[in-house]
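Remarks on the overall topology
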Amino acid sequence: MARITIRPDLTGMTHMVAVPPMPKLTDVATGQVATDRESGETLFTVQLLETYEATAQIVKVTVPESGCTDLAAGAVVRPVGLTASPWANLFNGQVQSGVAYRAASLTPVTAGAAAPAAPAKPASKAA
């Protein structure tokens, strides 16, 4: 099956850390931690609350350890290099499918950059 990777347009979206980074496991029974095939770096899973207009959803994003340091629940972040890879598996005669998200890093958004600046108030005239 061909592998397709999509780069999502994040315009107008806000991402907030719902669950802080946790090591991604390749085998839950043994506790084996997943590593990046190219760099060998430990991979982490971060659950983000993604909001857009009047909707919200939780997305799990895989990020290398160096790209998700010091992220606490509630932190607003910007996914850098986010890709989405659709997948499907046949298991016990049933098709399971979804989308795997991966980012190079999650960069914290400063308070000033998170929300648009309030319009300036007109100066009042002295009488």
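Conventions and cut-offs
- Residues numbered from 1 in each chain as written.
- Predicted model: local features only at pLDDT ≥ 70, side-chain atom pairs only at ≥ 80, totals over all residues.
- Heavy atoms only, no water.
- Helix = DSSP H or I, 4+ residues; strand = E, 2+ residues; numbered from the N terminus.
- Buried < 20%, exposed > 50% of the residue type's maximum accessible area, 1.4 Å probe, protein only.
- Contact = heavy atoms within 4.5 Å.
- Areas by Shrake-Rupley, 256 points an atom, 1.4 Å probe, with all protein chains shown as cover.
- Polar contact = N/O pair within 3.5 Å; in protein donor to acceptor, adjacent residues only side chain to side chain.
- Salt bridge = Lys/Arg side-chain N within 4 Å of Asp/Glu carboxyl O.
- Pairing = 2+ DSSP bridges.
- Axes fitted to C-alpha atoms, helices over the stretch in contact; angles between N-to-C directions.

A short note on the overall build of the protein
A tally of regular secondary structure across the protein gives one helix and nine strands. Scanning the protein from its N terminus toward the C terminus, one meets helices and strands in the order β-β-β-β-β-β-β-β-β-α. By residue count, 20% of the 127 residues in the protein fall in the buried class. Sequence-distant contacts, at least 24 apart, represent 56% of the contacts inside the protein between residues at least 6 apart. Roughly 9,100 Å² of accessible area belongs to the protein as shown, and the carbon and sulfur atoms make up 56% of that amount.

Overview of the environment of histidine 15
Take histidine 15: it is sitting in strand 1 (residues 13-23). Each C-alpha atom, one on histidine 15 and one on valine 109, is 9.5 Å from the other, the two residues being 94 residues apart in sequence. Only 2.9 Å separates the side chain of histidine 15 from the side chain of glutamate 50, close enough to count as a polar contact.

Re the side chain of aspartate 36
Inspection of the secondary structure assignment puts aspartate 36 in the loop between strand 3 (32-33) and strand 4 (43-52). Residue aspartate 36 is classed as buried on the basis of its relative accessible area of 15%.

Quick look at the side chain of threonine 62
Structurally, the position occupied by threonine 62 is in strand 5 (residues 55-64). What makes threonine 62 buried here is its relative accessible area of 9%. Among the polar contacts made by the side chain of threonine 62, one reaches the side chain of lysine 24 at a distance of 3.2 Å. Excluding its chain neighbours within four sequence positions, the residues that come into contact with threonine 62 are Lys24, Leu43, Phe44, Thr45, Tyr101, Arg102 and Ala103.

Concerning the pattern of salt bridges
Here the structure, examined in full by the defined rule, presents one salt bridge. Residues arginine 102 and aspartate 36 are paired through a salt bridge, measuring 2.4 Å at the closest nitrogen-oxygen approach. Here arginine 102, found in strand 8 (residues 94-102), pairs with aspartate 36, found in the loop between strand 3 and strand 4; they are 66 residues apart in sequence, far enough to count as distant.

Here's the deal with the environment of glutamine 32
Within the secondary structure layout, glutamine 32 lies in strand 3. Not counting residues within four places of it along the chain, the set of residues in contact with glutamine 32 comprises Lys24, Leu25, Thr26 and Asp27.

Quick look at the sheet that holds strand 4
Ordered by their spatial adjacency, seven strands build an open sheet running 7-8-5-4-1-6-9, and the pairing between neighbours is mixed. Edge positions in the sheet fall to strand 7 (83-91) and strand 9 (105-108), since each of these pairs with one other strand and no more. Averaged over neighbouring strand pairs, the angle between their axes works out to 45° when direction is ignored. Pairing geometry for strand 7 and strand 8, over nine bridges, is antiparallel. Looking across to strand 8, one finds that phenylalanine 91 is bridged to glutamine 94.

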